[in-house]
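The primary structure of each chain is shown beneath.
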Amino acid sequence: MELWKVGLLFLAGVASGWINVLAGGGSMLVVPVMLFMGMPGPVANGTNRIGVIAQNIAAIGGFFRRGFSDFRLSATLAACGAFGAFFGAQVGVKLDGVWFDRTLAIIMICILVIMLTGLGQKPKLTDGKPKNLLLGHFLFIIAGFYGGFIQIGVGLIQLPILNRVMGLDLVRANMHKVFVAMVFSFVSLGVFASQVKIEWALGLALALGYAIGGWLGANAAVSKGEGLIKKVFYLALVAMAIKLLFFR
């Protein structure tokens with residue numbers, strides 16, 4: 001294994017963890033980087049889950065230390081998400097080559113539109129009590145399927161379900177979101193690992209980068225720089241989407 005790949009993916013993880021805290025959507029940076037390193041689509045898709053799991057474990061610990069936990073609801077939502085993720089990963093593991101690139105590019109463009117316009121992200125004022133539990137659990141099967149399929153931007157699906165459908169405030173919505181994502185990421189990683197060669201060493205480097213980037217972003221007083229970071233991030237992702245669509 002080439003050390004430059006370990007270093008590059010570690011740095012990509014740091015940047016993505018930082019972006020996730022400051023702007024969101026950091027995973028959209030990591031998977032294209034792995035593709036440009038020559039990693040096949042399903043391998044990159046599966047390896048990214050290692051970093052996602054590490055980040056969510058850290059987030060769960062952070063919520064718990066601050067007194068935010070509801071493991072009963074988190075567990076039932078996670079069970080639905082894991083069910084969907086198992087079948088989504090079965091699709092994702094077979095998507096390779098030009099079709100993976102095109103699918104990823106289209107998803108990146110759609111997510112960029114959502115992030116730029118704020119579509120569906122305006123928080124709903126709630127009393128914090130969970131509502132519409134049956135519908136919410138059903139929708140988490142769909143969210144889990146997408147998470148198992150490609151993962152990128154799955155939080156943009158989870159949060160509206162938790163906040164706007166189930167009536168949870170954004171703090172508790174994020175608390176459940178990271179727990180569910182951790183569980184279904186374990187499931188999807190298991191599916192990918194059983195069918196493709198996961199790059200475990202690169203995944204661990206990525207996980208370390210995610211953790212460090214998230215910690216730096218959470219502790220940095222860089223609110224004035226957030227706008228510039230977002231603009232550079234959006235431009236980079238547009239360039240990546242064009243590359244994936246038109247230049248093999």
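Heads up: these notes are all about the structure in this document.

Attention shifts here to the overall build of the protein. Counting its regular elements, the protein contains 10 helices and 0 strands. Its helices and strands in sequence order give the protein the pattern α-α-α-α-α-α-α-α-α-α, from N to C terminus. The burial tally for the protein puts 48% of its 248 residues in the buried class. Considering only residue pairs separated by 6 or more positions, the protein has 84% of its internal contacts joining residues 24 or more positions apart.

Taken together, the side chains of Trp 18, Leu 208, Ile 212, Trp 215 and Leu 216 present a nonpolar region at the surface, about 500 Å² in accessible area. Sort the elements by how many residues they give to the nonpolar patch and helix 9 (residues 200-219) lands first, with 4 residues. With respect to the helices and strands, Leu 208 occurs in helix 9.

In this section: the side chain of Asn 163. Mapped onto the fold, Asn 163 is located in helix 7 (residues 155-165). Residue Asn 163 is classed as buried on the basis of its relative accessible area, which comes to 3%. For Asn 163, the side chain forms a polar contact with the main-chain oxygen of Leu 168, separated by 2.8 Å.

What counts, and where the lines are drawn
- Residues numbered from 1 in each chain as written.
- Predicted model: local features only at pLDDT ≥ 70, side-chain atom pairs only at ≥ 80, totals over all residues.
- Heavy atoms only, no water.
- Helix = DSSP H or I, 4+ residues; strand = E, 2+ residues; numbered from the N terminus.
- Buried < 20%, exposed > 50% of the residue type's maximum accessible area, 1.4 Å probe, protein only.
- Contact = heavy atoms within 4.5 Å.
- Patch = residues over 30% accessible without salt bridge, like charges linked within 9 Å, V, L, I, M, F, W, Y side chains within 5 Å.
- Areas by Shrake-Rupley, 256 points an atom, 1.4 Å probe, with all protein chains shown as cover.
- Salt bridge = Lys/Arg side-chain N within 4 Å of Asp/Glu carboxyl O.
- Polar contact = N/O pair within 3.5 Å; in protein donor to acceptor, adjacent residues only side chain to side chain.

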